[in-house]
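# Structural overview for review
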Amino acid sequence: MNNVHLYAFVAVVEQGSFRAAANFLHKTQSTISAAIASLEQEFEVQLLSRDAYRPELTPEGKVFYQEARITLEKMQGLEALGHQLASGIGPNLALTLSASCVQLQGLVQLQMFVEKHPEMHLNMSTEHLSGVLESLQSGKADIAISPNYGLGQEFEFVEIAKLKLVTVAAPHYLENQTQRIIPQAELKNRPQVLIEDSGSLHPIERLNVISNGQRWTVNDYMIKQRLIVTGLAWSRLPYHMVEKELKEGSVEMIEVENFASNVVLPIYLIRLKSNISAIANSFWDYMIKQYQPAYND
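On a predicted model such as this, the values are computed, not experimentally measured, just so you know. (Residues numbered from 1 in each chain as written. Predicted model: local features only at pLDDT ≥ 70, side-chain atom pairs only at ≥ 80, totals over all residues. Heavy atoms only, no water.)

## Points about the confidence of the model for the protein
Model confidence for the protein is summarised by a mean pLDDT of 86, while 90% of its residues fall at 70 or above. Looking over the protein, one finds the lowest element-wise mean pLDDT in helix α4 (residues 59-87), namely 77, and the highest in strand β10 (residues 235-238), namely 95. Confidence drops under pLDDT 50 across residues 293-297; counting only partners more than four residues distant or on other chains, this segment forms 12 contacts. (pLDDT = per-residue confidence, 0-100. Helix = DSSP H or I, 4+ residues; strand = E, 2+ residues; numbered from the N terminus. Contact = heavy atoms within 4.5 Å.)

## Looking at the nonpolar core
Grouped together as the largest cluster of nonpolar side chains are 21 residues, with contacts concentrated most on L93, L95, F113, I143, L269 and F283. Among the elements that make up this core, the one with the highest residue count is helix α9 (residues 278-289) (six residues). Beyond its immediate sequence surroundings of up to four residues, L95 is in contact with L110, L122, N123, M124, S125, A141, I143 and F283. Counting 18 residues, the second largest nonpolar core, distinct from the first, contains A11, V12, I32 and L39. (Core = buried A, V, L, I, M, F, W, Y, C linked by side-chain atoms within 4.5 Å. Buried < 20%, exposed > 50% of the residue type's maximum accessible area, 1.4 Å probe, protein only.)

## Let's talk about helix α7 (residues 221-229)
Within α7, burial applies to Y221, K224, Q225, L227, I228 and V229. Buried residues in α7 make contact with β6 (155-169), β8 (192-195), β9 (215-218), β10 and α8 (239-248). Sitting at the head of α7, D220 places a side-chain oxygen 2.7 Å from the backbone nitrogen of M222. Two residues or fewer past α7, G231 is found with a positive phi of approximately 80°. (Polar contact = N/O pair within 3.5 Å; in protein donor to acceptor, adjacent residues only side chain to side chain.)

## Some remarks on the pairing of β6
With 11 bridges connecting them, β6 and strand β13 (residues 262-272) associate as antiparallel partners. Bridge pairing links F155 to L272 in β13. Pairing analysis gives four bridges linking β6 to β10, with the strands arranged antiparallel. By the bridge assignment for β10, V168 is matched with S235. Pairing geometry for β6 and strand β11 (residues 252-253), over two bridges, is antiparallel. Across the sheet, residue A169 finds its bridge partner in β11, namely E252. (Pairing = 2+ DSSP bridges.)

## Topic: the packing of aromatic side chains
Per the stated rule, a full pass over the model turns up six aromatic pairs. Between F157 and Y268 the ring centres are 5.4 Å apart and the planes differ by 80°, which places this aromatic pair in the edge-to-face class. Note that F157 is positioned in strand β6 and Y268 in strand β13, a separation of 111 residues in sequence. Judged by centre distance (5.7 Å) and plane angle (65°), the rings of W234 and F259 are edge-to-face. Here W234 is found in the loop between α7 and β10, whereas its partner F259 is found in the loop between β12 (255-256) and β13, with 25 residues between them in sequence. Residue classification places F259 among the buried residues on the basis of a relative accessible area of 13%. Among the aromatic residues, ring-to-ring pairing joins F9, F43 and F64 into one connected group. Positioned above the aromatic ring of Y173, the side-chain terminus of R190 is 5.2 Å from the ring centre. (Phe/Tyr/Trp six-rings, centres within 6.5 Å; stacked < 30°, edge-to-face > 60°. Lys NZ or Arg CZ within 6 Å of the ring centre and 35° of its normal.)

## Examining the pattern of salt bridges
Scanning all chains against the criterion turns up six salt bridges. The salt bridge partner of K162 is E159, with a shortest N-O separation of 2.7 Å. Here K162 falls in the partly exposed class, since its relative accessible area comes to 27%. Judged by its relative accessible area of 28%, E159 is partly exposed. Notably, a salt bridge pairs K247 with E243, separated by 3.6 Å at the nearest N-O pair. One end of the pair is K247 and the other is E243, both in helix α8 and four residues apart, which spans about a single turn. (Salt bridge = Lys/Arg side-chain N within 4 Å of Asp/Glu carboxyl O.)

Written out as structure tokens, the structure is:
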């Protein structure tokens, strides 16, 4: 068994036929057939059934395919690392953070990892809402740290922290409001400031908004915070972004009728299941081992 045999086998499975696999790998169809036959002869097991119009995996073939795919991904990652080392360039780690998570205490672990890998080139970016997962799908990032913004089966994710969100407004923003729970009707004509979704393919459906209410949109949490502190708007913010202002009294928490005013969200370490970067895998394993909740509710 060698790489050529594995690539041929995986290509037949994923392309759907021997001819399509040959075209995909720029080989002759007879070469692909010989590679599959060589595998089956070596292990004395039938991997593909030829009874139907298209080749189908046998039960043994399904197990073999899963391991073959993992093996090839690891080999590709190792090959890429070898080229980087030969060129004198250290491995690259691309991280995307949900902007709401930038100040989480758990990110101290990142500093410790960087110190253990001084040769590494770190590329960090922030995204909002669906833009986080989009950065993984586009290859812009190896790993993301974010709440759940539509995680599907193509992602692997592990909880590493918690994020507390509170609904806040400046003192006396609602001057005549004496009720403990504020009716949504009282806020319809007062701007609720929201973060703009940085994704472009599948924008997140907004759930925590006042129906038919006035909305302002910004692309930065600091702008959002300043609009609230200065008494121009109200909204939810990560607790760590207004902790100081709450203690000083420049903002106060409010509770809104039928609205998730105060919640704690799990924060996940996220990657595509097809991730093959060696340094990203090392960071993933390190963060999981070092896991400590950043906030306990």
